[in-house]
Amino acid sequence: MNLRELVSALNDFASPSLAESWDNVGLLVEPSPPHTVNTLFLTNDLTEEVMEEAVQKKVDLVLSYHPPIFTPLKRVTWKTWKERLVVRALENRIGIYSPHTAYDAIPHGVNNWLTKGLGACTSVPLHPSTAASSPAGGTHRVEFCADAEHLGAVLSKIKDIPEISCLTTLPARVEGEEQTRVSLSCSQKALLEVVALLSQNSLLYHKTEILLLQKPLLPRTGMGRLCTLSEPVSLSDVVERIKGHLQLPHVRVAVGAGRTLESPVKKAALCAGSGSSVLKGTEADLYLTGEMSHHDVLDAVANGISVILCEHSNTERGFLSELRDALAIHLQNKINIIVAEKDRDPLQVA
């Protein structure tokens, strides 16, 4: 596939608009066009060891869950390891694409995969995502009533204002008089012009209503998950389930105040990676994430919430195998998709 065609397909799989505002997602490194992608290489972290594997396997595009370029680069030299990644990628005509928190949000993404470690359960996003825009378009709806004397002139001027949509008129009876109710959707910029126009006529202005259009929530999409287990399970059993799902010999556990390892877990809040900000304040029996600050763990424990920490990327990396299969279907098996063998969490128990 052509690189730009593939990037478009990857954006359809998980829209970059779902990523957090602070994130850096999408195509980060692009070889000079045209660039054909025969092999897509999946990794959780793009380290120099993983890049060497990509070069040896002659891949054409690396999909790195974590963006290797996050803070701006002021130069591209051989001095730092992240700069060297860019140099090696361009020298070997390898593109780099990162989805990061867009994959956290989607219903078929990282957090959904992590819920499977709990066993049978239902889940909802902790922080639901909103659509990119309201169904009507624009940010505001303006409604006002006008009599026949003023209607034509006002509508003529309104139609000359850019960024106005969904302009409708309906008969209305106001204080016993036959009038026309006008409704329109507009952008923030257009709203200023509409208000300025209507304010020239006090009768129109005092009959004007301005509504802020809320973007609708997207079903099953958003950051984190609140999971309700089909049957309560002891904390010790949940620990074993998580270790099995993530294929880890050890995890770190903090038992909530007043709880024990045999206490039942019915509700679990989870967030892949670093979950403190997403999980904080959620009522649950258990928090499951990769890492949390010491003080956030203390807060959870004091509130009777147990915590399981698995190290940051251990809560994400296992998703890559599921992602490979999902992308193969989404891309209609047009390219070869492989998972990095050298990608691993930098921390280990010694």
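Keep in mind the model is a prediction, meaning the values are calculated, not measured.

### Examining the overall build of the chain
Helix and strand content of the chain: twelve helices and 15 strands. A sequence separation of at least 24 residues applies to 73% of the contacts in the chain between residues at least 6 apart. If you sum the accessible surface of the chain, you get close to 17,800 Å²; carbon and sulfur atoms cover 53% of it. Between the centroid of the 33 positive side chains of the chain and the centroid of its 40 negative side chains there is a distance of 3 Å.

### Digging into the pattern of salt bridges
Applying the stated criterion across every chain, the model contains 17 salt bridges. A salt bridge links R181 to E143, with the shortest nitrogen-to-oxygen separation between them at 3.1 Å. One end of the pair, R181, is in strand β8 (residues 177–186); the other, E143, is in strand β6 (residues 140–146), and 38 residues separate them in sequence. Classification of R181 as partly exposed rests on a relative accessible area of 26%. Sharing partners across several salt bridges, the network here consists of D45, R317 and D343.

### Focus: the sheet that holds strand β9 (residues 209–212)
Reading across the sheet, the four strands line up as β7-β8-β6-β9 and stay open at both edges, with antiparallel pairing between neighbours. Bordering the open sheet on either side are β7 (164–174) and β9, each of which pairs with just one other strand. Direction aside, the axes of adjacent strands within the sheet are offset by 15 degrees on average. Across nine bridges, the pairing between β7 and β8 is antiparallel. Bridge pairing links P171 to T180 in β8. Its contacts with the sheet put helix α7 (residues 188–198) on β6, β7, β8 and β9, and the angle it makes with β6 is roughly 20 degrees.

### Focus on the UniProt feature "binding site: a divalent metal cation" (unreviewed entry) in the chain
Summarizing the sequence annotation, UniProt attributes the feature "binding site: a divalent metal cation" (unreviewed entry) to H66, D104, H312 and E316 in the numbering used throughout. In summary, the annotated positions, though distributed over 251 residues, converge in three dimensions, the widest C-alpha pair being only 13.4 Å. The buried category is assigned to H66, whose relative accessible area is 14%. On the secondary structure map, D104 appears in helix α4 (residues 101–105). Not counting residues up to four positions away in its chain, the partners in contact with D104 are Y65, V110, N111, G222, M223 and R225.

### Describing the packing of aromatic side chains
Taken as a whole, this structure holds three aromatic pairs when the rule is applied. Between F13 and Y103, the aromatic rings sit 5.8 Å apart at their centres with planes inclined by 75 degrees, giving edge-to-face as the arrangement. Of the two residues, F13 is situated in helix α1 (residues 3–13) and Y103 in helix α4; the sequence distance between them amounts to 90 residues. Ring geometry for Y103 and F319: centres 6.2 Å apart, planes at 80 degrees, overall edge-to-face. Placement of the pair is Y103 in helix α4 and F319 in helix α12 (residues 319–330), with a sequence separation of 216 residues. You'll find Y103 and F319 in the same group, each marked buried. Members of the aromatic cluster, each reached through a chain of ring pairs, are F13, Y103 and F319.

### Description of the sheet that holds strand β5 (residues 121–130)
Through backbone hydrogen bonds, the strands of a sheet pair up, either in parallel or in antiparallel fashion. Read across the sheet, six strands follow the order β5-β10-β12-β13-β14-β11 without closing on themselves; strand pairing throughout is mixed. Each end of this open sheet is capped by a strand with a single partner; those strands are β5 and β11 (252–254). Ignoring strand direction, the axes of neighbouring strands in this sheet form an average angle of 25 degrees. Two elements, β5 and strand β10 (residues 217–234), share eight bridges in a ladder whose sense is antiparallel. Residue pairing across strands places P125 opposite R225, the latter belonging to β10. Along the sheet face, helix α9 (residues 235–246) touches β10, β11, β12 (264–274), β13 (286–291) and β14 (306–309) and points at about 125 degrees away from the line of β10.

Here is what the cut-offs are and how they apply
- Residues numbered from 1 in each chain as written.
- Predicted model: local features only at pLDDT ≥ 70, side-chain atom pairs only at ≥ 80, totals over all residues.
- Heavy atoms only, no water.
- Helix = DSSP H or I, 4+ residues; strand = E, 2+ residues; numbered from the N terminus.
- Contact = heavy atoms within 4.5 Å.
- Areas by Shrake-Rupley, 256 points an atom, 1.4 Å probe, with all protein chains shown as cover.
- Lys, Arg positive; Asp, Glu negative; His and termini not counted.
- Charge placed at Lys NZ, Arg CZ, Asp CG, Glu CD.
- Salt bridge = Lys/Arg side-chain N within 4 Å of Asp/Glu carboxyl O.
- Buried < 20%, exposed > 50% of the residue type's maximum accessible area, 1.4 Å probe, protein only.
- Pairing = 2+ DSSP bridges.
- Axes fitted to C-alpha atoms, helices over the stretch in contact; angles between N-to-C directions.
- UniProt positions renumbered as here; feature names shortened; annotations may be inferred.
- Phe/Tyr/Trp six-rings, centres within 6.5 Å; stacked < 30°, edge-to-face > 60°.

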